[in-house]
Amino acid sequence: AYTCFELTIEDDVAHLQLSRPAELNTMNRAFWKELPEILHDLDRRAAARVVVLSSTGRHFTAGMDLAVFSGPGVGNDAGVEVGRQREQLRRTVLELQDSFNALEKVRMPVIAAIQGGCIGGGVDMISACDMRYCTEDAFFCIAEINIGMTADVGTLQRLPHLIPSGMVRELAYTGRRLPAARAKEIGLVNEVYPTHEAMLAAVLATAREIAAHSPLAVHGTKVMLNYTRDHSVADALDYMAVWQTGMFQPTDMLESFAAKGEKRAPRFANLTPRRSFHGD
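The shown structure was predicted, so the numbers you read here are calculated from the model rather than taken from an experiment.

Things to note about the overall build of the protein
Logical step 1: The secondary structure content of the protein amounts to ten helices and nine strands.
Logical step 2: For the C-alpha atoms alone, the extent of the protein along its principal axes is close to 65 × 50 × 45 Å.
Logical step 3: Classification of the 280 residues of the protein by burial places 46% in the buried group.
Logical step 4: A separation threshold of at least 6 residues defines the contact pool for the protein, and within that pool the share at least 24 residues apart is 70%.
Logical step 5: Carbon and sulfur atoms make up 56% of the accessible area of the protein, which totals about 14500 Å².

Below, the structure is given as structure tokens:
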């Protein structure tokens, strides 16, 4: 029922595909609404243990649909005082940022599988994922500088934690393409594959491997890695101690030991669905 995505769930892995190849999977208004809705729903229902984010067609995504820049809420509403237009624009940017923040906030890891061009907003999006893999024909481009604007939904904030600062600045200031081989060399992607099919097979296999582990332990690992990125080592160690005090329970560990002794795969309970204060 989505216009920009197709979603399948198998073996505790949610495979979320951008599904507008004829439009180069550009990020139209529906995209910005559907992505967080899908992620929040998966998280709310604890419907999967890992999310694989891939695409269709020649390019992963060509970035923002230019029609978005001429729509409402981008600071050009007729008859509205300039200060109020600017305040509205700020809220719009924050709303767009939240669409990609959702990739970090979901309880399960998100793996990006990238083919062809990953341009503009595509770099913002994959920077918010836990891991990235790509095909040999893939390239990455911080394209905002080429149209006279500053990237504003996560690239400049997250990419310096993934690759060397000098490379971030070179790509952000020049708008050059970063080819797949160089992306692997500097650590932006974990592996490069010859074809889209080979990449998806390998990424889905990795996702199933992660999904076979305790979802509580995987969730805790994601929380700690993200927290450590944004805090000092001392703060992160202290938070780890507090987290472990509440989350470290013997149930999954005992199941792991039992499974090894019985030469079988361990069976872990899913995380519980989210429940709001109002019972939603």
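Remarks on the packing of aromatic side chains
Logical step 1: Enumeration over the complete set of coordinates arrives at six aromatic pairs.
Logical step 2: Judged by centre distance (6.3 Å) and plane angle (75 degrees), the rings of Phe-31 and Phe-100 are edge-to-face. Taken together, the residues span a long stretch of sequence, with Phe-31 in helix α1 (residues 29–45) and Phe-100 in helix α2 (residues 82–105) at a distance of 69 residues.
Logical step 3: Among the aromatic side chains, those forming a connected cluster through ring pairs are Phe-5, Phe-31, Trp-32 and Phe-100.
Logical step 4: A cation sits over an aromatic face here: Arg-177 above Phe-139, 3.9 Å from the ring centre.

Topic: the sheet that holds strand β3 (residues 50–54)
Logical step 1: The sheet built from six strands is open, its strands ordered β1-β2-β3-β4-β6-β9 with mixed pairing. Looking at which strands have only one partner, the edges of the open sheet turn out to be β1 (5–10) and β9 (191–193). If you compare each strand with its neighbour and ignore which way they point, the axes differ by 20 degrees on average.
Logical step 2: The pairing of strand β2 (residues 13–18) with β3 spans five bridges and is parallel. Opposite His-15, over in β3, you have Val-52 as the bridge partner.

Digging into unusual backbone geometry
Logical step 1: For Leu-24, which is not glycine, the phi dihedral falls at a positive 60 degrees.
Logical step 2: Overall, the relative accessible area of 28% leaves Leu-24 in the partly exposed class.

Details of the sheet that holds strand β5 (residues 117–119)
Logical step 1: Ordered by their spatial adjacency, three strands build an open sheet running β5-β7-β8, and the pairing between neighbours is mixed. At either margin of the open sheet sits one strand with a lone partner, and together these are β5 and β8 (177–179). Strand-to-strand twist across the sheet, computed as the mean angle between neighbouring axes with direction ignored, equals 20 degrees.
Logical step 2: As paired elements, β5 and strand β7 (residues 139–141) share three bridges and run parallel to each other. The residue bridging Gly-117 from the neighbouring strand is Phe-139, located in β7.

Analysis parameters
Residues numbered from 1 in each chain as written. Predicted model: local features only at pLDDT ≥ 70, side-chain atom pairs only at ≥ 80, totals over all residues. Heavy atoms only, no water. Helix = DSSP H or I, 4+ residues; strand = E, 2+ residues; numbered from the N terminus. Buried < 20%, exposed > 50% of the residue type's maximum accessible area, 1.4 Å probe, protein only. Contact = heavy atoms within 4.5 Å. Areas by Shrake-Rupley, 256 points an atom, 1.4 Å probe, with all protein chains shown as cover. Phe/Tyr/Trp six-rings, centres within 6.5 Å; stacked < 30°, edge-to-face > 60°. Lys NZ or Arg CZ within 6 Å of the ring centre and 35° of its normal. Pairing = 2+ DSSP bridges. Axes fitted to C-alpha atoms, helices over the stretch in contact; angles between N-to-C directions.

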